[in-house]
Amino acid sequence: MTREIVVGAAQLGPISRDDTRAEVVERLLTLLRRGAEHGCELVVFPELALTTFFPRWFLDEGDEAGIAGDTTELDSYYETAMPNPVVQPLFDEAKRLKVGFHLGYAELTDPNDPQGDGTQHRYNTAILVDREGEIVGRYRKVHIPGHENHEPWRNFQHLERRYFEESPEGFHVHEAFGGVFGMAICNDRRWPETYRVMGLQGVEMVLIGYNTPLNYAPDPSQNPLQAFHNHLVMQAGAYQNGTWVVGVAKGGIEEGVESLAQTAIIAPSGQVVAQATTIGDELVTARCDLDMCERYKKTLFDFDRYRRPETYSLITNLNPTPGAT
């Protein structure tokens, strides 16, 4: 019997600085219900889907070494629990509709959590929720782009490295929806290791939310290539690891910053099978055959037969010296 899942990629348009969580959750609920109407079993939302992309502003007035000073506004963009009362309706509706979802958000951990290390942490996080409204997996962003300190010469900041920590947890997969699912966030999609680590764990679908500005201040020559690079890395990751990839954007002009949309669902062949055509709230769907993954994992990319990890030491060794023998 073929293992198929109907997936909805729920692109979001801009979220303003003064939009409330409740207003945003209503938009998510609309897309979730639309997904149910189209037979979706899983709806995928973008990175930082509950708020505006706040790393574009220098929000704390402390020292340049880290988070300090007045963080009142900064803290307001983070979730201290998931679910929480404002987001709970999304979980409740998922259970009622029997439609799971993937959601990206900013996470501020509880230092008193008995499963924690006694320290409060800030992560760029995503969760996978099943059709019963239960969290089955959590991922914290590994590859954090941008810069740490105030750079007023930019048209807008990209202070992810100031506001988020790099996850020490790495990439994991989760059995859900009749298959093997993994998660990544935005910049992670550009790194081949992201897909390969999950590919080695048998991943069959990688869910990726992103917020990608069309203006890249360190090298503006890349600006016209943003859409090309976006699909290039996800299609390559899908093909080279025999996995579906669902890349979901928050697009449009948000607080004066134009961001890439181009939400796409990509097959293990590397082909784009569905793509958004707008820069606003939009749901695109595809019926995904998870058994298609095996045709690539057991032929061209049979890891057990063809892979040569003993020759990849420059990748696996920490801090290798270039050119060393």
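Residues numbered from 1 in each chain as written. Predicted model: local features only at pLDDT ≥ 70, side-chain atom pairs only at ≥ 80, totals over all residues. Heavy atoms only, no water.

## What to know about the pairing of strand S14 (residues 282–289)
In terms of burial, S14 is a largely internal element, six of the eight residues being buried. Taken together, the eight bridges between strand S1 (residues 4–11) and S14 define a ladder with antiparallel strand orientation. In the strand pairing of S14, Val 6 is matched with Arg 287. (Buried < 20%, exposed > 50% of the residue type's maximum accessible area, 1.4 Å probe, protein only. Helix = DSSP H or I, 4+ residues; strand = E, 2+ residues; numbered from the N terminus. Pairing = 2+ DSSP bridges.)

## Focus on the packing of aromatic side chains
Evaluation of the coordinates by the stated rule reveals eleven aromatic pairs. Ring plane angle 55° and centroid distance 5.8 Å describe the contact between Phe 54 and Phe 164, whose orientation is recorded as tilted. You can see Phe 54 sitting in the loop between strand S2 (42–44) and helix H2 (72–76) and its partner Phe 164 sitting in the loop between helix H4 (160–163) and strand S6 (173–176), a full 110 residues away along the chain. Taken individually, Phe 54 and Phe 164 each receive the classification buried, so the pair is uniform in this respect. The cationic tip of Arg 17 hangs over the ring face of Trp 57; the distance from NZ or CZ to the ring centre is 3.8 Å. (Phe/Tyr/Trp six-rings, centres within 6.5 Å; stacked < 30°, edge-to-face > 60°. Lys NZ or Arg CZ within 6 Å of the ring centre and 35° of its normal.)

## Here's the deal with the pattern of salt bridges
Counting across every chain of the model gives 22 salt bridges. The partner of Asp 281 in a salt bridge is Arg 27, with the nearest N and O atoms 2.7 Å apart. A residue pair is termed long-range when its members are at least 10 positions apart, and Asp 281 in the loop between strand S13 (272–275) and S14 and Arg 27 in helix H1 (residues 21–37) qualify at 254 residues. Residue Glu 310 pairs with Arg 308 through a salt bridge whose shortest N-O separation is 2.3 Å. Note on Glu 310: relative accessible area 54%, which makes it exposed. Residue class for Arg 308 comes out partly exposed when judged on its relative accessible area of 43%. Residues participating in the shared-partner salt-bridge network are Glu 107, Arg 138, Arg 140 and Glu 169. (Salt bridge = Lys/Arg side-chain N within 4 Å of Asp/Glu carboxyl O.)

## Considerations on the sheet that holds strand S8 (residues 205–210)
Strand pairing in a sheet relies on backbone hydrogen bonds. The paired strands run either parallel or antiparallel. Pairing is mixed in the open sheet, where six strands are placed in the order S6-S7-S8-S9-S12-S13. Single-partner strands in this sheet number two, and they are S6 and S13. Shown here is a sheet whose adjacent strand axes are inclined to one another by a mean of 20°, direction ignored. Of the pairings in the sheet, the one linking S8 to strand S9 (residues 244–249) comprises six bridges and is parallel in character. When the bridges of S9 are listed, Met 205 appears paired with Trp 244. Lying on the sheet, helix H5 (residues 192–199) is in contact with S6, strand S7 (179–185), S8 and S9; it crosses S7 at an angle near 160°. On top of the sheet, helix H6 (residues 226–241) reaches S8, S9, strand S12 (264–266) and S13; it is set at about 25° to S12, its chief contact. (Axes fitted to C-alpha atoms, helices over the stretch in contact; angles between N-to-C directions. Contact = heavy atoms within 4.5 Å.)

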